[in-house]
Amino acid sequence: MEKAQRANSKLRIGISGPSGSGKTLTALRIAEAFKGDGRIGMIETELEGSEAYSPPPGKAADGVNIFDFDREKVEAPFNPKKLVEVLIKIEKAREHSVIIPDSLTPYWDGEGGVLDLVGNAGDNKYTAWKIPSALQNKMIWTLFAVNVHVIATIKAKQDHVLEKNAMGKTEVRKIGLGPIQRPGIESEFSLFFTLDQDCTLTVTKARDPKRVFKGRVFPLPGEEFVAALKGFVEGRV
């Protein structure tokens, strides 16, 4: 056994939000702050590629909006065992200190994902869920067993509401209603953040006995948010 120290633990962060809310950028900013001497690895399933956050030819990463990272593209079918295989491969290579699965949603509701497997398994609900549930559990277990920081993004269900803007005019606003993954996925993470359409981050879950971090709100999460997160993780706040 060894002495438990919060600063030595690995990040297990989930970030949920509607499309365009800044999930990937926020994950990269966190990864940049915690990567140490290792590299950032992106496991990408999203159609909109992460290239927008990588340096153009001849330019260097700034660690704020442009980042130096590696990526592996995962395409359909999104059987959860695919993510397990990639996670194990990355950990064995021992080159990356942070892994960003971007996102976990296709492994649930995408082509070949858990819901797809259940739908193709027959009418008996118990037997239909047996194997897909085991695959989901294995994916989550592996996600948190790897000896690297994990920052996973998850798409949020979307709806639209009518609101008055600052000028008093009615406008349509997109809101996130909850992560598109297995119900209760938030409880699997030690930290869980939600982002809204305005790119405002709320700390919705934190193992926070002092109640100093949970519930905090960070508009356009950048340096202030990353500094606060580092302080919390390292036990300085």
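Check the entry above for the structure.
These notes cover the structure that comes with them. (Residues numbered from 1 in each chain as written. Predicted model: local features only at pLDDT ≥ 70, side-chain atom pairs only at ≥ 80, totals over all residues. Heavy atoms only, no water.)

The subject of this paragraph is the packing of aromatic side chains. All told, the structure shown has nine aromatic pairs when counted by the stated rule. Seen in terms of ring centroids, Phe-144 and Phe-189 are 5.2 Å apart; in terms of plane orientation they differ by 80 degrees. Their pairing is edge-to-face. Within this pair, whereas Phe-144 is found in helix α5 (residues 125-145), its partner Phe-189 is found in the loop between β6 (170-179) and β7 (191-195), the two being separated by 45 residues in sequence. Residue classification places Phe-189 among the buried residues on the basis of a relative accessible area of 0%. Residues Phe-193 and Phe-213 carry aromatic rings whose centres are separated by 6.5 Å and whose planes lie at 80 degrees to one another, so their mutual orientation is edge-to-face. Placement of Phe-193 in strand β7 and of Phe-213 in the loop between β8 (200-206) and β9 (217-219) is noted, with a sequence separation of 20 residues between them. Overall, the relative accessible area of 0% leaves Phe-193 in the buried class. Ring pairs connect the aromatic residues Phe-193, Phe-213, Phe-218, Phe-225 and Phe-232, which therefore count as one cluster. The ring centre of Phe-34 lies 4.6 Å from the NZ or CZ of Lys-230, which sits over that ring. (Phe/Tyr/Trp six-rings, centres within 6.5 Å; stacked < 30°, edge-to-face > 60°. Helix = DSSP H or I, 4+ residues; strand = E, 2+ residues; numbered from the N terminus. Buried < 20%, exposed > 50% of the residue type's maximum accessible area, 1.4 Å probe, protein only. Lys NZ or Arg CZ within 6 Å of the ring centre and 35° of its normal.)

Next up on the list: α5. For α5, spanning 21 residues, the distance from its first C-alpha to its last is 30 Å, which sits close to the expected 30 Å at 1.5 Å a residue. The largest bend along α5 measures about 30 degrees and falls at Ile-131, with the proline Pro-132 one to four residues further on. Listing the buried residues of α5 in full gives Ala-128, Pro-132, Gln-136, Met-139, Ile-140, Thr-142 and Leu-143. Two or three places before Thr-127, at the opening of α5, Asn-124 has a side-chain oxygen 3.1 Å from that residue's backbone nitrogen. (Expected span 1.5 Å × (residues − 1). Bend = angle between axes of the 7 residues up to and from the residue. Polar contact = N/O pair within 3.5 Å; in protein donor to acceptor, adjacent residues only side chain to side chain.)

What follows concerns the nonpolar core. Judged by nonpolar contacts, the single largest core of 30 residues is most densely connected at Ile-30, Phe-193, Phe-213 and Leu-229. Within the residue set of this core, elements represented by two or more residues are β1 (12-17), α1 (23-34), β2 (39-44), β4 (96-102), β7, β8 and α6 (223-233). For Phe-193, the residues in contact, after removing those within four places along its chain, are Ile-13, Gly-14, Ile-15, Ser-16, Ile-30, Leu-201, Thr-202, Val-203, Thr-204, Phe-213, Phe-225 and Leu-229. Counting residues in hydrophobic clusters, the runner-up holds 22 residues, among them Met-139, Leu-143, Val-150 and Phe-192. (Core = buried A, V, L, I, M, F, W, Y, C linked by side-chain atoms within 4.5 Å. Contact = heavy atoms within 4.5 Å.)

This paragraph deals with α6. Considered for burial, the residues of α6 that qualify are Phe-225, Val-226, Ala-228, Leu-229, Gly-231, Phe-232 and Val-233. Immediately beyond the C-terminal end of α6, within one or two residues, lies Gly-235, with a positive phi of roughly 80 degrees.

Mapped onto the secondary structure, Ile-140 falls in helix α5. In the structure, Ile-140 is positioned 36 residues away from Leu-104 in sequence and 9.9 Å away in space, judged by C-alpha atoms. The contacts of Ile-140, once residues within four sequence positions are left out, are Arg-182, Ile-185 and Glu-188.

Relative to each other, helix α2 (residues 80-93) and α5 sit at 20 degrees, their axes nearing to 8 Å. With respect to α5, the axis of α2 lies roughly parallel. Taken as a pair, α2 and α5 cross one another with a handedness that is left-handed. Residues Pro-80, Lys-81, Leu-83, Val-84, Leu-87, Ile-88 and Glu-91 of α2 touch α5, and the partners they reach there are Leu-135, Gln-136, Lys-138, Met-139, Thr-142, Leu-143 and Ala-145. (Axes fitted to C-alpha atoms, helices over the stretch in contact; angles between N-to-C directions. Parallel < 35°, antiparallel > 145°, perpendicular 65-115°, else oblique. Left-handed = near helix turned anticlockwise from the far one by under 90°.)

Next up on the list: the pairing of β2. Counting buried residues along β2, five of its six residues qualify, which places the element largely inside the surrounding structure. Both β2 and β4 contribute to a ladder of six bridges, which runs parallel. Bridged to Met-42 within β4 is Ile-100. Taken together, the four bridges between β2 and strand β3 (residues 70-73) define a ladder with parallel strand orientation. For Gly-41, the partnering residue across the bridge sits in β3 and is Asp-70. (Pairing = 2+ DSSP bridges.)

Just distances and angles here, no functional claims.
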